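# Tertiary structure, described
This is what each chain is made of:
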Amino acid sequence: MKRILVTGAGGQIGSWLVPELREIYGASKVLATDLRHPKAELVDAGPFQLVDATNPKAVGQAAMRHGADTIFHLAAILSAVGERDPRVAWHVNMTSLEAALEVAREQKCALFVPSSIGAFGSSTPKDPTPQDTVMRPETMYGITKLAGELLCDYYHAHFGVDTRGIRFPGIVSYGAPPGGGTTDWAVDIFHKAVRHGRYTCFLRGDSQVDFMYMPDAVSAAIQLMEADAARLVHRNAFNVTAMQLTPEKLAAEIRKHVPGFAISYEVDPVRQAIADSWPRRIDDSAARAEWGWKPVYDAAAMTTDMLGHVRTA
Ligand code: NAD
Ligand code: AKB
């Protein structure tokens, strides 16, 4: 990777990934793009351009002018927002992906596309969830993620595009807030613990899915794009995980630092149904074997770090 374009750069992942890419490859080499103006830090620290990722011409021109050889395509609508307006989710997620794939094909760019644990559905084995298994997602978000994985495989097989992807679990971070997913509770809980000493969760206390801390998610994306292509069997997309959390379990971890922290529950049936349809523990042995995936943060280390940052924000 020498010259990089990032779509959806102002979101939860992009606001971490762009600074890390700029640190490694040089600030001027990483063009951040988004539909909206992101925080000043991202714009001041390197090139930024307003680009609608669903517009292939706009993405193509931005990539051409920047001389991009690699694209990180992050623009998307997430699971909970996607269920509120499924047609918009389909349009944004699929049109923008097709644009990124076509630009990658025409301009010979490598392409990173994040998938999600949302690409699995109720009929998938839940614990453990194998790398290769039944995939019948029930949300529009999940349908776009699975279709996206297949489209990326197609562009690799038929057009030789170097597509690579990760099925991210829920990601916990401070800074830019999450964009409307089912796993957002695991970020919000830290802010409410620090500010109010209590949190009302929209999922049941025993709802378990996979998670990771943002520094691990960013490292994973960069490590996969730097991996030796000859070692990659799966490409689109790799299971990765760092920890399994429930609201009860994370609340207990937070209570070690915030004595008396209280959690209560007001279950949202839509997001509960989504969480219930997702894996409880994914098997990430293919990522470990094919490109050396290994997380740094477990629940205890993440909780200590998150609370330190949220307290000083
Ligand atoms: P986010 O919602 O925080 O950010 C998405 C960004 O895309 C926003 O800045 C938004 O302005 C931008 N965007 C939306 N429509 C656009 C368009 N038409 N053109 C240009 N930009 C547009 O999402 P995120 O959490 O940063 O997720 C990035 C990617 O990672 C998505 O594909 C998401 O599905 C995937 N992912 C995220 C998580 C997670 O927990 N954050 C987990 C699994 C997968
Ligand atoms: C969401 O909840 O939609 C995302 C995801 C796991 O894909 N955080």
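Residue positions are given per chain, counting from 1 as you read along its sequence in written order. Here chains are named by letter from A upward and ligands by number from 1 upward, in the order in which they appear as written. Selection of residues for local features in this predicted model requires a pLDDT of at least 70, selection of side-chain atom pairs for listing and counting requires 80 or more, and totals for whole chains, interfaces and linings are taken over all residues. Each side-chain value is derived from all of the structure's non-hydrogen atoms; neither hydrogens nor water enter the calculation.

### Points about the packing of aromatic side chains
Side-chain rings of Phe, Tyr and Trp, where Trp is taken by its six-membered ring, are said to pair if the distance between their centres is within 6.5 Å; with planes under 30 degrees apart they count as stacked, over 60 as edge-to-face, and otherwise as tilted. In total, this model carries 9 aromatic pairs according to the counting rule given. Judged by centre distance (5.5 Å) and plane angle (45°), the ring pair of F72 and F112 falls under tilted. With a gap of 40 residues between them, F72 in strand β4 (residues 70–73) and F112 in strand β5 (residues 110–112) connect regions that are remote in the sequence. F112 carries the same exposure label as F72, and that label is buried. For the pair F238 and W291, a centre-to-centre distance of 5.7 Å together with 80° between the ring planes defines the contact as edge-to-face. Each helix corresponds to a stretch of at least 4 residues labelled H or I by DSSP, and each strand to a stretch of at least 2 residues labelled E; elements are numbered beginning at the N terminus. Each residue gets one of three labels from its accessible area relative to the maximum for its type: buried under 20%, exposed over 50%, partly exposed in between, using a 1.4 Å probe on protein chains only.

### Topic: the packing of helix α7 (residues 185–196) against helix α12 (residues 299–312)
Where α7 contacts α12, the two axes come as close as 10 Å, and the packing angle between them is 55°. Taken together, the axes of α7 and α12 lie oblique to each other. When you trace α7 past α12, the crossing you get is right-handed. Here α7 contributes F190, H191, V194 and R195 to the contact with α12, which in turn contributes M302, T303, M306, L307, V310 and R311. Charged means Asp, Glu, Lys or Arg here, nonpolar means Ala, Val, Leu, Ile, Met, Phe, Trp, Tyr, Cys or Pro, and polar covers whatever is left, Gly included. Partitioning the contact of α7 with α12 into residue classes produces 6 nonpolar, 2 polar and 2 charged. Lines are fitted to the C-alpha atoms to define the axes, a helix being fitted only along its stretch in contact, and any angle between axes, read from their N-to-C directions, falls within 0 to 180 degrees. Oblique is the label for any angle not covered by the other classes, which are roughly parallel (under 35 degrees), roughly antiparallel (over 145) and roughly perpendicular (65 to 115). For any helix crossing, the convention is left-handed if the near helix is rotated counterclockwise from the far helix by under a right angle, and right-handed if that rotation is clockwise. We call two residues contacting when some pair of their heavy atoms lies within 4.5 Å.

### With respect to the nonpolar core
Core analysis: the biggest nonpolar cluster contains 73 residues, and W185, F190 and W291 have the highest contact counts within it. Here the element with the most residues in this core is helix α8 (residues 214–226); it accounts for 8 residues. A domain assignment, automatic or from a database, supplies the domain bounds used here. Among the domains, domain 1 (4–169 + 213–239) and domain 2 (171–211 + 242–280 + 296–312) are the pair contributing at least three residues each to this core. Ignoring any residue separated from it by four or fewer positions in sequence, one finds F190 in contact with V172, L250, I254, M302, T303, M306, L307 and V310. Put simply, buried Ala, Val, Leu, Ile, Met, Phe, Trp, Tyr and Cys residues joined by side-chain atoms within 4.5 Å make one nonpolar core.

### Description of the environment of I117
Locating I117 in the fold gives a position in the loop between β6 (115–116) and α6 (140–159). Of the residues examined, I117 reaches a relative accessible area of 0% and is grouped as buried. Discounting chain neighbours no more than four positions away, the residues touching I117 are R167, F168, P169, G170, V209, D210, W278, P279 and I282.

### Some remarks on the domain arrangement of the chain
Along its sequence, the chain is organised into domain 1 (4–169 + 213–239) and domain 2 (171–211 + 242–280 + 296–312). Here domain 1 and domain 2 have C-alpha centroids that lie 24 Å from each other. Tallying the contact residues gives 28 residues for domain 1 and 30 residues for domain 2. A pair is scored as a salt bridge if a Lys or Arg side-chain nitrogen falls within 4 Å of a carboxyl oxygen belonging to Asp or Glu. Applying the counting criterion to the domain 1 and domain 2 interface returns 0 salt bridges. Nitrogen and oxygen atoms within 3.5 Å of one another constitute a polar contact, given that in protein one can donate a hydrogen and the other can accept it, and given that sequence-neighbouring residues count only through two side-chain atoms. Where domain 1 meets domain 2, there are 15 residue pairs in polar contact (both at pLDDT 80 or more). Secondary-structure elements contributing two or more residues to the side of domain 1 that touches domain 2 are α1 (14–25), α4 (79–84) and α8.

### Some thoughts on the site of ligand 1
For this purpose, a residue is taken to be near a molecule or strand whenever a single non-hydrogen atom of the residue falls within 4 Å of it. In the neighbourhood of ligand 1, 27 residues make up the surrounding shell, with Q12, D34, R36, A53 and Y141 lying closest. At 2.6 Å, a side-chain N or O of Y141 approaches an oxygen atom of ligand 1. K145 is positioned with one of its side-chain polar atoms (N or O) 2.8 Å from an oxygen atom of ligand 1. All accessibility values rest on the Shrake-Rupley procedure with a 1.4 Å probe; residue burial counts only the protein chains present in the view. Within the complex, 93% of the 830 Å² of free accessible area of ligand 1 lies under protein. Every element with two or more residues in the shell around ligand 1 is listed here: β6, α6 and β9 (170–172). In terms of residue class, the shell around ligand 1 is built from 14 nonpolar, 9 polar and 4 charged.

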